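# Descriptive analysis of the structure
Listed below, chain by chain, are the residues.
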Amino acid sequence: MADIFEKCVNWKDADLAKLAGHYAYYRVIQETDGTEVLIDGKRVIMACSNNYLGLANDPRVKEAAAEASRKWGASTCGSRVLNGTTELHDELDHKLAEYLGREAAVTYSTGFGTNVGVLSSLILRKDTIFADRMVHASLVEGIQAALGDCKRFRHNNMDDLERLLASADPESGKLIVVDGMYSMEGDLANLPKIVELKEKYGARLFVDDAHGFGVLGEGGRGSGEHFGLHDQVDLQMLTFSKSLASIGGCIAGPKEVINWLKHKSRPLVFSASMTPGAAAAALKSLEIIKAEPERRARLWDISERFHRELRGMGFDTSPSVTPVVPVVIGDQTLCLAFWRRLTDAGMFASPVVKPAVEKELVRTVYTATHTDAQIDRSLEIFQRCGREMGIIPYKRPSTRVEVKMARPGCNGFYSSAEDGITAISVERSPVKGSLGVGEVLQQAGRPLGERISDAMEIVTWRALNAGPEDVKRLAELPSTLWQQRRRLRTKLMGAGVKLLQRRQAGARSAERE
Amino acid sequence: MVQPVVTEHPAAAGQSARPDPEVEVVSVQSGLEKDAFIRLQWQINKGDRNWVPPLLMERHEFLDPAKNPFFKHSEVGLYLARRGGEPVGRIAAVNDRNFNAFHGSKAAYFGLYESVNDPGVAAALFNAAKAWARWRGLDSMIGPMNLSTNYDCGLLVDGFDTPPYLLMPHNPYYYADLFGACGLKKSKDLYAFERTAAEPPPEKFASIAEKVRKREGLLVRPVNLKDFEGEVTRLKAVYNAAWEKNWGFVPMTDAEFDKLARDLKQIVAPGLCLVAEAHGEPVAFSLTVPDFNQALKHVDGRLTTFGLPLGLAKLVYYSRKIDRVRLMALGVIERYRKRGIDAVLVVETIRRAQELGYRGGEISWTLEDNHLINRAIEACGCVRHKTYRIFETPVE
C-alpha cells in the first residue's frame, strides 16, 4: 500500500538547493524600512517587494492601521456575510467602487481568494474561459475550480486568442481572463486588441490588475486606464498587497455581478474578512494615492533609469515596459548562482525559475521611496556581479535597444517584444557536447542506412583509439551492469513507455487523417 | 573550380560587406550541430580536387572539450550560418588564455572558417565572432587559427594548384576576398617551401653543415621511439624554449604536447625525427613526418563504408605508398642559435629521407620575416610554393 507521505519524504530538490547554497526562498527578514532590509544580520537593498509606492512604511498608513485595531479589535472573527463587515469594510467597498468608476465593488480577505472565488462561482457549465498562458497562479486555481471549459492562448498572442474564440461554441458564455500587467516579465496585456475581439465575439473581459493598480494610468486606476479602455473592462480585480500596502483583494464591476459574488463566492462567504487594521491601511493608502500622484511619477523615473542603465550594461531585460525589471538569465543554475552573488554583494532580488517563467530571470522592483544613492549602489552591484559571472560583457555594448516605459499618457504599446526585439544570446556559448551513437541513431530526418553507417564509424573510431583505461572499463562492464541492474530496469521500462506513447500518438494522428 | 594564383586582392580595397539579413548565425552546442558544422567542410570543398578531406571522427574529437586538451585553457565558440535552414558558413571564435597571458595581449582568434562565396554570409559570421570576442573584453582578432599556431593556421593565398601537406590548411581561393571585404587586414605571411627533386643537398651546403657539426661537437640521432615518454619530456622543453620569441607562438601545455606526440606517433617514420645533442644535452630537434595526406585523400574522411572498415584498409594500404615528407618543426634553443645547427638538421633530414625512399618534401611553415631561416632553406634547394596569410582586425 502506498503511503501518502512517501513523495514528500523522497522529494529532495529543496534540500539539494540548500546544500549547494542556492536556496532562495523563505528568507527571514529581521528588520525593514521598505527600501532596505536586514537579513542574516546584513543590510541589503530591497529590490523585490511589490510595495510599488512605498506606502507600507508610510507613518500615516501605519497609524491608521493601529488606530483601527484599537477601535475595532485585532480581527473581526467572522466572514463578510455574517459578522465580518464593519463600517470600515463597507467604506472601503464604496470608496474603491467610486474611485474605479464602477457600479459596485466587494473586498475579499486575500487577492488569491478573490481570483479563485470570482472564477469558480461565475463560470458554470456551458461557459468558457479564455485565459492567457501566463496568468497568475490564483487564476489558474480558479479556472481549475470552475465548472466550465477553459482554453489557454499563447502569451499575448492575439491570433491564437481569435482562433480559440472563433472555434468556441457561439451559444456559450465567454470570459476572457488576462493579467493587466504581468508580474514577472513586466509586460502588459494587449488590451486594445483584446477589447476588439471581445466585442466581435460577444465575450466579457476580466482583468487582474493586482500589479497595475496604483502604477498604470493617469490616476493609477490600472491597465484599462493606461490604454484608455477603462470602461471596456467588465470586471477589474485588485489586490491590496501591492500599491495599497495592506492585504486583501477586491473585485469591481456591474452591481448584479457583485451581488451574485457576495452570495455565491465561497472564499468570500466562508473566510473571515480582512482585519480592521488591514482595511484601514488600504483606505488610508487609497487616499494617499489619490492625493499624491508624484509618488507614481517618482516610481516611473527611478525604474526607467534603472532599466536603461541595466540595458546599457548589456543585460537582457526585454520585454518589460513597467517598473518590474526582469534580468533574464535563461539558465537555472546560473540564475541561482547570480542571485547568490547579488545577495552576498548586498541586494535582495528574487530569482524566478521554471515553471513560473519561460526563461529563468532575476526579478527586480524598486519602490517610490528608494533614494538615488540606493539605485546607484544597486547598479554598481549588478554591473560587478554580472561581469564576474559572465552574464554581461566587460565592455559596455556600443548599441542597445531603447527602453520603452508604459508611463501615463504614452497610450499605446504593451510590450517591447512587439517590435520584434529578441534577446541576443550569440555571445554566451561555450562549446559543449560530443557526438554519441545514440544521438546519431535518433535523427529522424535521415535515412536509416546513413545513420547506422555513421554509428559504425563512431564505434570503429573509438575502438581504434581505445587506451588502456577504456579497455579496463570494458572489462568492468559486466559488474557495473550488475550493480546498476535496477537503474537499467527503470530505463528499459521508461523506454518501453515512450515507445508505447509514440505508437499511440502515431495511431491517433493516423486516425485524424 | 578556377584557381587563379593571386597574392593581392582588389576586393580588399573595395567596399565593405554587410551582413545578409536572411542569414541566421547560430551557436553550435550539441553533438549533432557540431556534426553539421564539420560536414559543411565537405559541402564547400567538394569540387576542389586538391582538397584533402580530414577524418570525420578526428575532427569530432578535435572539437570535443572532453578529449582535446586545448579546451582546458581556452574558450571556444562555434557558429554556423544558415540561410533558409541550409548551412552556408561557419566560424570558430577562440579565447586562448595562454596566448594572451604569454604575450600580454587581449586578442581573440578566429578559425575553422568555411563559407560560400557571399560577402553577406562572411560579414554575418565575422559579426558573430566579434560579438563573442567583445563579450569577453578582447580588443582584436587574428586568424585563421585552427585553433592556434600549434595546430594548422593561416589562409592559403598563393599556391592553390597542389594538395596541402599534412596539417597544413587548404581553402577555396575566394576567402581572401571575403576577408578583405569584411575589413580584415594582413598581419603576417607564412611560407611553405618544397623540394621535389630526389637529389642530395647541394655540395657546398652539405660541407658547411658538416663543418658546423664538427665545430659544435654535435651528436645527431633519431628519436628513440622505445623510450617514447622520456623523449617527449626532453623535447617538450626544447620546443617551448626554441619558439619562445617567435611571433604568434604560444607554449604548449603538457597535455597538448602529449596528445600531439601520441597522434604523431601513429604516423611517424622512425629515423626522421632528429635530436641534436651537445655535451649530452638536447639543444635542437626537428620533426619530420610522412605526408599522411597522400593516404587520407583516398578515403573521403571515413574509416568505414556501410559499417565495413574499407576506409581503414585503404588508409593502411596507401600509407605504404607515401613518397613525400613534411618537416613540420625545427627548433634550436636560444644559446645555440645562429651557429648553423638548423642547417645540420635539414641536411641530415634530407639525406635520411632520401635513404628511406622519399622523393620530395615540404618545409613549413616559416614566418615571412624570418629571413635567416628562409634564406637557409632556399640555399639547400627548396622553392617557396605556397603562401599562407594571417589576418587581423580590431574588435570595436
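All of these numbers come straight from a predicted model, not from anything done at the bench. (Residues numbered from 1 in each chain as written. Chains lettered and ligands numbered in written order. Predicted model: local features only at pLDDT ≥ 70, side-chain atom pairs only at ≥ 80, totals over all residues.)

On to the nonpolar core. Side chains of nonpolar character tend, in soluble globular proteins, to be buried together. Ranked by internal contacts, the top residues of the largest apolar core, which has 116 residues, are Tyr79(B), Ile91(B), Ala108(B), Leu125(B), Ala129(B) and Ala276(B). Taken together, domain 1 (10–191) and domain 2 (195–390) of chain B each give at least three residues to this core, which thus spans both. Excluding residues within four positions of it along the chain, Leu125(B) makes contact with Val25(B), Tyr79(B), Ala81(B), Gly89(B), Ile91(B) and Ser115(B). Formed by 79 residues, the second largest nonpolar core is a distinct cluster that contains Ala131(A), Leu165(A), Ala189(A) and Leu268(A). (Core = buried A, V, L, I, M, F, W, Y, C linked by C-beta atoms within 7 Å. Buried ≥ 20, exposed ≤ 12 C-beta atoms within 10 Å, placed from the backbone. Domains from an automatic or database assignment. Contact = placed C-beta atoms within 7 Å.)

Before going further, it helps to spend a moment on unusual backbone geometry. If a residue is not glycine, its phi is most likely negative; likewise, a peptide bond is most likely trans. Residues and elements named next belong to chain B. Of the consecutive residues Gly143 and Pro144, the connecting peptide bond is found in the cis state with omega at 0°. Relative to the assigned elements, Pro144 resides in the loop between strand S5 (140–143) and strand S6 (145–146). Residue Leu147 is bonded to the preceding Asn146 through a cis peptide linkage, with omega at 5°. Assignment of secondary structure puts Leu147 in the loop between S6 and strand S7 (152–153). One non-glycine residue, Asp300, adopts positive backbone phi at about 55°. Residue Asp300 is classed as partly exposed on the basis of its C-beta count, with 14 C-beta atoms lying within 10 Å. (Helix = DSSP H or I, 4+ residues; strand = E, 2+ residues; numbered from the N terminus.)

Contacts between the two partners involve 34 residues from chain B, matched on the other side by 22 residues from chain A. At the level of elements, strand S1 (23–27), helix H1 (31–45), helix H2 (56–62), strand S2 (74–83) and helix H5 (119–135) of chain B are the ones that each hand at least two residues to the side of chain B that touches chain A. A total of five residues in the side of chain B that touches chain A trace back to one element, the largest contributor, which is H5(B). When the residues that make up the side of chain B that touches chain A are grouped by side-chain class, the tally is 18 nonpolar, nine polar and seven charged. (Nonpolar A, V, L, I, M, F, W, Y, C, P; charged D, E, K, R; others polar.)

A word on the sheet that holds strand S4 (residues 104–108) of chain A. All names here are of chain A. Strand order in the open sheet made by the seven strands is S4-S10-S9-S8-S7-S5-S6, with mixed pairing throughout. Edge positions in the open sheet fall to S4 and strand S6 (149–153), since each of these has one partner strand only. The average angle at which neighbouring strand axes cross in this sheet is 20°, direction not considered. Where strand S5 (residues 127–132) lies against S6, five bridges are found, and the strand directions are parallel. Residue pairing across strands places Phe130 opposite Lys151, the latter belonging to S6. Running over the sheet, helix H5 (residues 111–122) touches S4, S5, strand S8 (204–208), strand S9 (235–239) and strand S10 (249–253) and is turned about 40° from S10. The sheet contacts of helix H7 (residues 158–167) involve S5, S6 and strand S7 (173–179), and relative to S6 the element is tilted by about 155°. (Pairing = 2+ DSSP bridges. Axes fitted to C-alpha atoms, helices over the stretch in contact; angles between N-to-C directions.)

When two helices pack together, their arrangement is given by the angle between their axes and by how far apart the axes lie. Residues and elements named next belong to chain A. With their axes 11 Å apart at the nearest point, helix H13 (residues 294–313) and helix H15 (residues 372–388) run at an angle of 20° to one another. When the axis of H13 is compared with that of H15, the two are roughly parallel. Crossing handedness for the pair H13 and H15: right-handed. For the pair H13 and H15, the contacting residues are Ile302, Arg305, Phe306, Glu309, Leu310 and Met313 in the first and Ile375, Leu379, Phe382, Gln383 and Gly386 in the second. Split by residue class, the contact of H13 with H15 holds seven nonpolar, two polar and two charged. (Parallel < 35°, antiparallel > 145°, perpendicular 65-115°, else oblique. Left-handed = near helix turned anticlockwise from the far one by under 90°.)

Before going further, it helps to examine the sheet that holds strand S11 (residues 324–328) of chain A. All names here are of chain A. One open sheet holds the three strands; their spatial order is S11-S14-S13, and the pairing between them is antiparallel. Pairing within the sheet leaves two strands with one partner each, and these edge strands are S11 and strand S13 (350–352). Averaged over all adjacent pairs, the angle separating strand axes in this sheet is 30°, with direction ignored. Contacts from helix H14 (residues 332–345) reach S13 and strand S14 (361–365), with the element oriented near 40° to S14.

Residues and elements named next belong to chain B. Bridge count between strand S9 (residues 185–195) and strand S15 (residues 383–394): nine bridges; the pairing is antiparallel. Residue pairing in the sheet places Lys185 in a bridge with Glu392 of S15. When S9 meets strand S14 (residues 360–367), the two strands line up antiparallel, connected through six bridges. Bridge assignment links Arg195 to a residue of S14, and that residue is Gly361.

Moving on, we come to the environment of Asn240(B). All names here are of chain B. Looking at where Asn240 falls in the secondary structure, it is placed in helix H8 (residues 228–242). For Asn240, a count of 17 C-beta atoms within 10 Å corresponds to the partly exposed category. Aside from chain neighbours lying at most four places away, what touches Asn240 is Pro251 and Met252.

Before going further, it helps to spend a moment on the confidence of the model for chain B. Residues and elements named next belong to chain B. Across chain B, pLDDT averages 86, with 96% of residues at or above 70. Between residues 1–13, whose pLDDT stays under 50, and residues either more than four places distant or in other chains, the model counts 20 contacts. Here the predicted complex carries an ipTM of 0.85, next to a pTM of 0.59. (pLDDT = per-residue confidence, 0-100.)

The next point concerns the confidence of the model for chain A. Per-residue pLDDT for chain A has a mean of 85; in total, 91% of the residues score no lower than 70. Across residues 417–428 of chain A, confidence stays below pLDDT 50; counting only partners more than four residues off in sequence or on other chains, it has 21 contacts.

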